[in-house]
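Okay, here's what each chain looks like letter by letter:
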Amino acid sequence: MVDAGKIWFDGKLVPQAEANVNVLCHTLHYGTAVFEGIRCYACPQDSAVFRLQDHVRRLFESAKILQFDIAFSQEDICQAILETLKINNLAEGYIRPLVFLGAGGMGVNPGDNPVHVIIASWAWGAYLGQEALEKGIRVRTSSFTRQHVNAMMTKSKAAGNYVNSVLAKKEALQDGYDEAMLLDAQGYVSEATGENIFIVRDGIIRTPPLGSILAGLTRNSLIRIARDLGYEVLEQRFSRDEVYTADEAFFCGTAAEVTPICQVDRRQIGAGHAGPVTKALQKAFFAIVKGENPDYDRWLTHYSL
């Protein structure tokens, strides 16, 4: 079980065991919540949250899409995140803000049900395993299709959207794989269950455009980092057979960070482990989030315990 210590709940820090909700809350029945996944890292002199303001901005944009009125400002939530990290003495770990609808009227229309906000934080290592960062993971193309942009609001990080991911992830694990790769409604590669995807061929990096995929902040960061390192990065559609024949492929996300793909649908990708481009991006990414590259310090919100 996750040990989140004290949780920020509507402006108050309470022990995890006391951060309870009514079993008739709207979100529990209909998936009406929006959330963020954020990481903080230990740095040489202190700790830092990676792209805090951008994550909180996206949280509020998700809430706007679902027509939630949050009673706190973006700055309030940023400060509450830092407060939660400090009270839990967390120098490095994962942060989960969640905006959800409480109990009130029951039915698809939430009406005037109250809007609640919680912030939890806990220690969490590599999402797909530390070994995966070097050796890579085995992936299968999912039998489930990523939602069409008019079926679900794919730019909102909404809880209900992730039922699609849960089904795909369970299928992949049950079939002996580590992760799933989903295709969009037109059959092109979309993303994984909680990660964006990149492929590399002849030194050129490609990633799906912002169609059905979530606009990942790690994805956005890696595009900037790669271009700064001199790589050509293209945002364009590609099919799964182009993944099979890529020199390298990797997933990225707040939880997964930069995780190489060694195999897709039993086909080895490149050398079967992290390739040179993936390693270069991994190295640059971790140097930035750990405060070792001052050129990107604008992405870090520093704090001390």
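Remember, it's a predicted structure, so these values are computed and weren't measured experimentally.

A. Inspection of the domain arrangement of the chain at higher detail. Here the chain is partitioned into domain 1 (6–122) and domain 2 (130–289). Contact with domain 1, which involves 19 residues of that partner, is made by 21 residues of domain 2. Summed over both sides, the interface between domain 1 and domain 2 buries roughly 1700 Å², with carbon and sulfur atoms accounting for 61% of that surface. The largest share of the area that domain 1 buries against domain 2 comes from F35, R51 and R58, three residues that together contribute 34% of it. Counting every contact that joins domain 1 to domain 2 gives one salt bridge.

B. Molecular detail of helix α8 (residues 276–289). Along its 14 residues, α8 runs 20 Å from first to last C-alpha, staying within 8% of the 20 Å computed at 1.5 Å per residue. Of all 14 residues in α8, 10 are buried, a share of seventy percent or more. Looking one or two places after α8, you find G291, whose phi comes out positive at around 75°.

C. Fine view of unusual backbone geometry. For R51, which is not a glycine, the phi torsion comes out positive at approximately 50°. As for its position among the elements, R51 is in the loop between β5 (47–50) and α2 (52–65). In this model, N89 sits at a positive phi of 55°, which is unusual for a non-glycine residue.

D. Region of the structure containing the nonpolar core. Counting residues in each nonpolar core, the largest one holds 27 residues, and the members touching the most others are F50, I205, L222, I225, L281 and F285. Elements represented by at least two residues in this core include exactly β5, β11 (196–201), α6 (217–228), β14 (248–253) and α8. With seven residues, α8 is the single largest residue contributor to this core. Taken domain by domain, this core gets at least three of its residues from each of domain 1 (6–122) and domain 2 (130–289). Sequence-distant contacts of L281, defined by excluding residues within four places in its chain, comprise I205, L222, I225, A226, L229 and F250.

E. The arrangement of the packing of aromatic side chains in detail. Inspection of the entire model under this criterion finds 11 aromatic pairs. On the numbers, 4.6 Å between centres and 90° between planes, the contact of Y94 with W124 is edge-to-face. Here W124 lies in the loop between β7 (115–122) and α4 (132–135) and Y94 lies in strand β6 (residues 93–101), a separation of 30 residues in the sequence. Their ring planes at 10° and their centres at 5.0 Å tell us that F198 and F250 sit as a pair that is stacked. In this pair, F198 sits in strand β11 while F250 sits in strand β14, placing the two residues 52 residues apart along the sequence. Note on accessibility: F198 and F250 belong to one class, buried. The rings of F50, F285, F286, Y296 and W299 are connected pair by pair, giving a single aromatic cluster. Geometry around Y177 places R138 over its ring, the cationic atom sitting 4.7 Å from the centre. Residue placement shows R267 over the ring face of Y244; its charged tip is 4.1 Å from the ring centre.

F. Representation of the pattern of salt bridges within the structure. Under the definition given, this model contains 14 salt bridges. A salt bridge links E257 to R39, with the nearest nitrogen and oxygen atoms 3.7 Å apart. You can see E257 sitting in strand β15 (residues 257–264) and its partner R39 sitting in strand β4 (residues 38–42), a full 218 residues away along the chain. Taking relative accessible area as the criterion, E257 reaches 6% and is therefore assigned buried. For R39, a relative accessible area of 5% translates into the label buried. Between K290 and E92 there is a salt bridge; the shortest N-O distance is 3.8 Å.

G. View of the packing of α6 against α8. At a closest axis distance of 10 Å, the pairing of α6 and α8 adopts a crossing angle of 110°. Relative to α8, the element α6 is oriented roughly perpendicular. In terms of crossing hand, the pair formed by α6 and α8 is right-handed. In this structure, α6 contributes T218, L222, I225 and A226 to the contact, and α8 contributes L281, A284, F285 and I288. Among the residues forming the contact of α6 with α8, the class breakdown is seven nonpolar, one polar and no charged.

Conventions we followed
Residues numbered from 1 in each chain as written. Predicted model: local features only at pLDDT ≥ 70, side-chain atom pairs only at ≥ 80, totals over all residues. Heavy atoms only, no water. Domains from an automatic or database assignment. Contact = heavy atoms within 4.5 Å. Buried area = accessible area lost by both parts, 1.4 Å probe. Salt bridge = Lys/Arg side-chain N within 4 Å of Asp/Glu carboxyl O. Helix = DSSP H or I, 4+ residues; strand = E, 2+ residues; numbered from the N terminus. Expected span 1.5 Å × (residues − 1). Buried < 20%, exposed > 50% of the residue type's maximum accessible area, 1.4 Å probe, protein only. Core = buried A, V, L, I, M, F, W, Y, C linked by side-chain atoms within 4.5 Å. Phe/Tyr/Trp six-rings, centres within 6.5 Å; stacked < 30°, edge-to-face > 60°. Lys NZ or Arg CZ within 6 Å of the ring centre and 35° of its normal. Axes fitted to C-alpha atoms, helices over the stretch in contact; angles between N-to-C directions. Parallel < 35°, antiparallel > 145°, perpendicular 65-115°, else oblique. Left-handed = near helix turned anticlockwise from the far one by under 90°. Nonpolar A, V, L, I, M, F, W, Y, C, P; charged D, E, K, R; others polar.

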